Amino acid sequence: MTALFIDLRDFTGRSFWDPQEQVADLAHAVLAGFIETVLSHGGYPLGLRGDGLFAGFGPGDDRVGASFALAACAFALNAIEENVNPRLDQLNVRRVQARAGLDFGEITFVRTGSPGHSEINPVGFAANFAAKCEKKANSWEIVAGENLAKLFPDAPQFTKLYPPKTYTRDDHTERYHFHDYRWRGTLAHSESLIEELAGSPVSAVSIG
C-alpha cells in the first residue's frame, strides 16, 4: 500500500505565539479538510498526529493507489495555498504552510496495547519512511520514497534528492533515496479522478 503523511509545517511555533483556541480551531478545520481529501481520493484516514494526518491507499493496483495518493497530496496542498490562506488573510490570521511525504511497500497492522486500552499500529518500512519524507519536505513540497518513485520509472515529475538515507548492518550499507515530486502539473486531473471513484476506495478501481 501507499502510506501518506501530510501536515502543517512550523505549526508548533504557531501554538507558542497564538491563542490556544485559535490554534485548535485552525488545526481542526485543516485536518477535517485533509480527511475529506483522502476519502474523496479513495484512501483511508488511519490516524491523526497532532497537526498532521496519516493515511493509506490500497490494496489493489499499486500504481493506482500511489497515483491517487499523490493526487490527494497535490489537491490538499493547493487547497491550503489557494483557498485557506486567502481566507485567513481576510480574518487577519497568519497563513499556514503544508507539506507531504509518501512511500510504497508492505505494512502490517497490529493491535497494540493492553486489554483495556489499545489501538491499531501500522508497522513497516513504507510507513516509517513516508514519515521521514514528510519531515524532509519543505513547505509546499511533496517528497516520496524510492519504492514509490520506482512505480513510475519514466515519470519526469520525480527528481532524486541527495544525500540518500543510509542503513548499515554488519558492515553492509544500503542507500535509499528521497524523491521530490513536482505536483502542480497534476492538479488538472484531480476532479476527473474524484468523479471516477464516485466515493469508492482505490481498491475498487480496475485496470484494463
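For the structure given in this document, a descriptive report is provided here. The residue count restarts for each chain, going from 1 along the sequence in the order it is written. Reporting of local features is limited, given that this is a predicted model, to residues whose pLDDT is at least 70; pairs of side-chain atoms are given and counted only at 80 or more, and all residues count toward the totals for whole chains, interfaces and linings. Excluding hydrogens and water, the side-chain values take into account all heavy atoms of the structure.

**Remarks on helix α3 (residues 62-90)**
Along an α-helix, residues three or four apart share an orientation, since each turn contains 3.6 residues. In plain terms, the rule: Strands here are runs of E lasting at least two residues and helices are runs of H or I lasting at least four, both read from the DSSP assignment and numbered beginning at the N terminus. For a helix, the expected span equals 1.5 Å multiplied by the residue count minus one. The reported bend at a residue is simply the angle between two axes, fitted to the 7 residues ending at it and to the 7 residues beginning with it. Pairs of N or O atoms within 3.5 Å make up the polar contacts considered here, provided that, within protein, one atom can donate a hydrogen while the other can accept it, and that residues adjacent in sequence are counted only when both atoms are side-chain atoms.
In this model α3 runs 42 Å from its N-terminal to its C-terminal C-alpha over 29 residues, within 8% of the 42 Å that 1.5 Å per residue would give. In the structure, α3 departs most strongly from a straight axis at Ile80, where the bend amounts to approximately 35 degrees. N-cap assignment for α3: the residue whose side-chain oxygen lies 3.0 Å from the backbone N of Arg63 is Asp61. In the segment just after α3, Asn92 is the residue with positive phi, at about 60 degrees.

**Quick word on the packing of aromatic side chains**
Geometry of an aromatic ring pair is reported as the spacing of the ring centres plus the angle between the planes. Short version of the rule: Each Phe, Tyr or Trp ring (for Trp, its six-membered ring) is paired with any other whose centre lies within 6.5 Å, and the angle between the two planes then decides the class: stacked below 30 degrees, edge-to-face above 60, tilted in between. Relative accessible area decides the class of each residue, using a 1.4 Å probe on protein chains only: under 20% of the type maximum gives buried, over 50% gives exposed, and in between gives partly exposed.
Within the structure shown, the criterion is met by nine aromatic pairs. Taking the centre distance of 4.5 Å and the plane angle of 15 degrees together, the rings of Phe5 and Phe54 count as stacked. Of this pair, Phe5 sits in strand β1 (residues 2-9) while Phe54 sits in strand β3 (residues 52-57); the two residues are 49 residues apart in sequence, bridging distant segments of the chain. What makes Phe5 buried here is its relative accessible area of 11%. Between Phe125 and Tyr176, the ring centres sit 4.9 Å apart and the planes meet at 90 degrees, which makes this aromatic pair edge-to-face. Residue Phe125 is located in helix α4 (residues 125-136), and its partner Tyr176 is located in strand β9 (residues 172-181); the two are separated by 51 residues in the primary sequence. In this structure Phe125 comes out as partly exposed when scored by relative accessible area, which is 35%.

**Let's talk about the nonpolar core**
Applied cut-off: To form a nonpolar core, buried Ala, Val, Leu, Ile, Met, Phe, Trp, Tyr and Cys residues must be joined to one another through side-chain atoms within 4.5 Å. Two residues qualify as a contact provided that any one of their heavy atoms is within 4.5 Å of a heavy atom in the partner residue.
One finds Phe34, Phe57, Ile142 and Leu148 to be the most contacted residues of the largest nonpolar core, which totals 47 residues. Among the elements that take part in this core, α3 stands out by supplying 13 residues, more than any other. The residues touching Phe57, leaving out its near neighbours within four places in the chain, are Met1, Thr2, Leu4, Val38, His41, Gly42, Gly43, Gly65, Phe68, Ala69, Ala72 and Val202. Counting seven residues, the second-largest nonpolar core is a separate cluster that includes Ala3, Phe5, Phe54 and Ile107.

Limitation: the analysis is restricted to geometry and does not speak to function.
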